[in-house]
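Notes for the structure review
Here's the letter readout for the chains.
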Amino acid sequence: MNFKDKDLIIFDFDGTLINSIPDLTLAINKMLAHYNAPPLTIEDVTPFIGNGAKPLVKRAIIRAMPDTDLSDTFLEEAFNVYFSAYKAETCKDTFMYPGVLETLKYLKSKGYTLVICTNKPYGFIAPILETLGIKDYFKTWVGEDSLPKKKPDALPLLHLVETMQTTVAKSVMVGDSKNDILAAQHAKMDSIGVSYGYNYNENIADYNPTVVANQFADLQDLF
Ligand SMILES: O=C(O)COP(=O)(O)O
Ligand SMILES: [Mg+2]
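In short, a report on the structure. (Residues numbered from 1 in each chain as written. Chains lettered and ligands numbered in written order. Predicted model: local features only at pLDDT ≥ 70, side-chain atom pairs only at ≥ 80, totals over all residues.)

Strands sit in the order E5-E4-E1-E6-E7-E8 across an open sheet of six strands; the sheet is parallel. Of all the strands in the sheet, the pair left with one neighbour each is strand E5 (141-142) and strand E8 (211-213). As paired elements, strand E7 (residues 190-194) and E8 share three bridges and run parallel to each other. Bridge pairing in E8 links Gly193 to Val212. (Pairing = 2+ DSSP bridges. Helix = DSSP H or I, 4+ residues; strand = E, 2+ residues; numbered from the N terminus.)

This is the structure in structure tokens:
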């Protein structure tokens, strides 16, 4: 099995290209400290990631402040506290997974179009790409707030296929989460599940991606 006939590679961001958990945890803990709640560990926060920023904040509050009244007003305020904290330190301890830079170089040299589809808010994507020095590898990107629906809906993937003027058959989604694999399946697109990411502590193979890759550099054998 290989993907040499593809022309568009759609990458998930958190848990696939970058390990952002240290900075996400830091921002969550700043939000919790604002309410005098105890901090969470990286292990606590990891399975809360995957559906975007608001679900992350809500899951963290339920864990660290179980007696809190989860009114919309409170959640909105907590989200704003979290958002400002993450904005202040978006890419302090965030790092690329091993093999990402070499593999992006390889894929670009082979002529593939590389784009990002993440459930992270759009505004955080470019600053992280810039800080890590990989912005120029990507033609475009969409975040959780770019379109009316996010992963696991097919919409962001289909939008990228259309924007890049290609077809679903010539595209592939690469991601660590069931949301990536389900979005690809909903779009009838091939997918590569990476096994080293977050995925709610579940095995990515259980979601039946077209192929499983245990490390990012394995992509060099597939394209
Ligand atoms: O921020 C999230 O919840 C997940 O982000 P991802 O889609 O890049 O994995
Ligand atoms: Mg991910």
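Anyway, onward from the coordinates.
Counting 59 residues, the largest nonpolar core has Ile10, Val115 and Leu157 as the members making the most contacts within it. Ranked by residue count, the leading element in this core is helix H1 (residues 21-34), at seven residues. Inspection of this core shows a minimum of three residues originating in each of domain 1 (8-19 + 94-222) and domain 2 (21-88). Here Leu157 is in contact with Ile10, Cys117, Met173, Ala183, Ala184, Ala187 and Met189, once residues within four sequence places are set aside. (Core = buried A, V, L, I, M, F, W, Y, C linked by C-beta atoms within 7 Å. Buried ≥ 20, exposed ≤ 12 C-beta atoms within 10 Å, placed from the backbone. Domains from an automatic or database assignment. Contact = placed C-beta atoms within 7 Å.)

Turning our eyes to something else, we now look at helix H4 (residues 72-88). One turn of the α-helix equals 3.6 residues, which is why residues spaced by three or four share an orientation. Helix length check: H4, at 17 residues, gives a terminal C-alpha distance of 24 Å against a target of 24 Å (1.5 Å per residue), a fit within 8%. Ala78, Tyr82 and Tyr86 are the residues of H4 that are buried. All buried residues of H4 project into a common sector of 75° when viewed along the axis, lining one side. Facing away from the buried side of H4 by more than 90 degrees, the exposed set consists of Thr73, Glu76, Asn80 and Ala88. Against H1 and helix H3 (53-64) lie the buried residues of H4. (Expected span 1.5 Å × (residues − 1). Arc of directions from axis to C-beta.)

Moving on to the environment of Ala27. In this fold, Ala27 is placed in helix H1. Residue Ala27 is classed as buried on the basis of its C-beta count, with 27 C-beta atoms lying within 10 Å. Between the C-alpha atoms of Ala27 and Glu202, which are 175 residues apart in sequence, the distance is 24 Å. In contact with Ala27, not counting residues within four places along its chain, are Tyr82, Ala85 and Tyr86.

Looking now at the packing of H1 against H4. The N-to-C vectors of H1 and H4 enclose an angle of 135°; their axes lie 8 Å apart at closest approach. Overall, the two elements H1 and H4 adopt an arrangement that is oblique. The handedness of the crossing between H1 and H4 is right-handed. Between H1 and H4, the residues in contact are Asp23, Ala27, Ile28, Lys30, Met31 and His34 and Ala78, Val81, Tyr82, Ala85 and Tyr86, respectively. Classifying every residue of the contact of H1 with H4 by side-chain character gives eight nonpolar, one polar and two charged. (Axes fitted to C-alpha atoms, helices over the stretch in contact; angles between N-to-C directions. Parallel < 35°, antiparallel > 145°, perpendicular 65-115°, else oblique. Left-handed = near helix turned anticlockwise from the far one by under 90°. Nonpolar A, V, L, I, M, F, W, Y, C, P; charged D, E, K, R; others polar.)

A few words now on the site of ligand 1. Taken together, 13 residues sit near ligand 1, with Phe13, Asp14, Thr118, Asn119 and Lys120 positioned nearest. Considering only residue class, the shell around ligand 1 consists of three nonpolar, seven polar and three charged. Both domain 1 (8-19 + 94-222) and domain 2 (21-88) contribute no fewer than three residues apiece to the shell around ligand 1. (Near = placed C-beta within 6 Å.)

Our next topic: the packing of H3 against H4. One can describe the packing of H3 onto H4 by two numbers: an axis separation of 10 Å at closest approach and a directional angle of 110°. By the angle between their directions, the pair H3 and H4 is classed as roughly perpendicular. Contacts between H3 and H4 involve Ala53, Lys54, Val57, Lys58 and Ile61 from the first element and Leu75, Ala78, Phe79, Tyr82 and Phe83 from the second. Among the residues making up the contact of H3 with H4, the classes are represented as eight nonpolar, no polar and two charged.

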